[in-house]
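Notes for the structure review
Here are the chains, one letter per residue:
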Amino acid sequence: MTSNPLVLVGASGWQHAAWRGGLYPDDLPEDWLLSYYNTQFQAVYLPAAVWQGASSATWAQWLYDTRDDFYFVLEPGEAASAKPASPRVLLATPGWEAQHVWWLDEAPDLRALAQRIAQQAATGEPLFVFSRSGNAGLLEQANTLRQVMGY
């Protein structure tokens, strides 16, 4: 990673229908969703089917539309060599994921998450906190916890 963020919050993908009229304004154009998402979150987890189907031009646009401290975490797939050569694009191998990813939907206990963040801080390695379902309430709570803890 190019910088040293410790806790990065996000979801699996940025296109969740339930976010329209809530997280996303109703009138936000479809091609602005990632740019807006990147103002609320620090990372996105992309399923293999999504990122492997993206063209080089699409990847270039995604990287352009996001801040320099925003990360794309990729589910492993068949064509791992097809991932863009960017320090902001990380492949979540099973071993890496076990050390660096907390799934909110599987473990929504914020006290346990706070303990994990404290443990992770001792290593200096980043912790990505993701929601597969895009539960906006949990994501907001995780972002607040990250800020309260100073990360």
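The notes below deal with the structure included here.

Conventions used here
Residues numbered from 1 in each chain as written. Predicted model: local features only at pLDDT ≥ 70, side-chain atom pairs only at ≥ 80, totals over all residues. Heavy atoms only, no water. Helix = DSSP H or I, 4+ residues; strand = E, 2+ residues; numbered from the N terminus. Rg over C-alpha atoms; globule rule 2.2 N^0.38 Å. Buried < 20%, exposed > 50% of the residue type's maximum accessible area, 1.4 Å probe, protein only. Core = buried A, V, L, I, M, F, W, Y, C linked by side-chain atoms within 4.5 Å. Pairing = 2+ DSSP bridges. Axes fitted to C-alpha atoms, helices over the stretch in contact; angles between N-to-C directions. Contact = heavy atoms within 4.5 Å. Phe/Tyr/Trp six-rings, centres within 6.5 Å; stacked < 30°, edge-to-face > 60°. Lys, Arg positive; Asp, Glu negative; His and termini not counted. Salt bridge = Lys/Arg side-chain N within 4 Å of Asp/Glu carboxyl O. Polar contact = N/O pair within 3.5 Å; in protein donor to acceptor, adjacent residues only side chain to side chain.

Secondary structure assignment for the chain yields 6 helices and 6 strands. Computed over C-alpha atoms, the radius of gyration of the chain comes to 15 Å, within 12% of the 15 Å expected from 2.2 N^0.38 for 151 residues, which places it in the range of a compact globule. The principal-axis extent of the C-alpha atoms belonging to the chain is close to 40 × 35 × 25 Å. Within the chain, the fraction of its 151 residues that count as buried is 44%.

Looking now at the nonpolar core. W14, Y37, L46, W59, F72, L113 and V129 are the most contacted members of the largest nonpolar core, which has 35 residues in total. For this core, the leading source of residues is helix α6 (residues 136-148), giving 4 residues.

The subject of this paragraph is the sheet that holds strand β6 (residues 127-131). Taken together, the 6 strands give an open sheet; going across it, the order is β4-β3-β2-β1-β6-β5, and neighbouring strands pair in parallel fashion. Two strands lie at the open edges of the sheet, namely β4 (89-91) and β5 (101-103), each paired on one side alone. For this sheet, the mean angle separating the axes of adjacent strands, direction not counted, is 30°. Relative to the sheet, helix α3 (residues 56-64) contacts β2 (43-46), β3 (71-74) and β4, its axis offset from that of β3 by approximately 135°.

Once that is clear, we can look at the packing of aromatic side chains. Tallied over the entire structure, the rule returns 17 aromatic pairs. Taking 6.3 Å as the distance between ring centres and 15° as the angle between the ring planes, the aromatic pair formed by W62 and F72 counts as stacked. Of this pair, W62 sits in helix α3 while F72 sits in strand β3; the two residues are 10 residues apart in sequence, bridging distant segments of the chain. Taken as a pair, W62 and F72 share a single burial class, namely buried. Both rings, one in W103 and one in F130, keep their centres 5.7 Å apart while their planes meet at 40°; by these two values the pair is tilted. Here F130 lies in strand β6 and W103 lies in strand β5, a separation of 27 residues in the sequence. With respect to burial, W103 and F130 carry one shared label: buried. Members of the aromatic cluster, joined through ring pairs, are W14, W19, Y24, Y36, Y37, F41, W59, W62, F70 and F72.

Along the polypeptide, R116 turns up in helix α5 (residues 110-123). An unpaired buried charge is present at R116: no salt bridge exists, and E125, the closest side chain of opposite charge, is 9.9 Å distant. Only 2.9 Å separates the side chain of R116 from the backbone oxygen of Q99, close enough to count as a polar contact. With residues near it in sequence (within four places) discarded, R116 still touches A98, Q99, H100, V101, W102 and L127.

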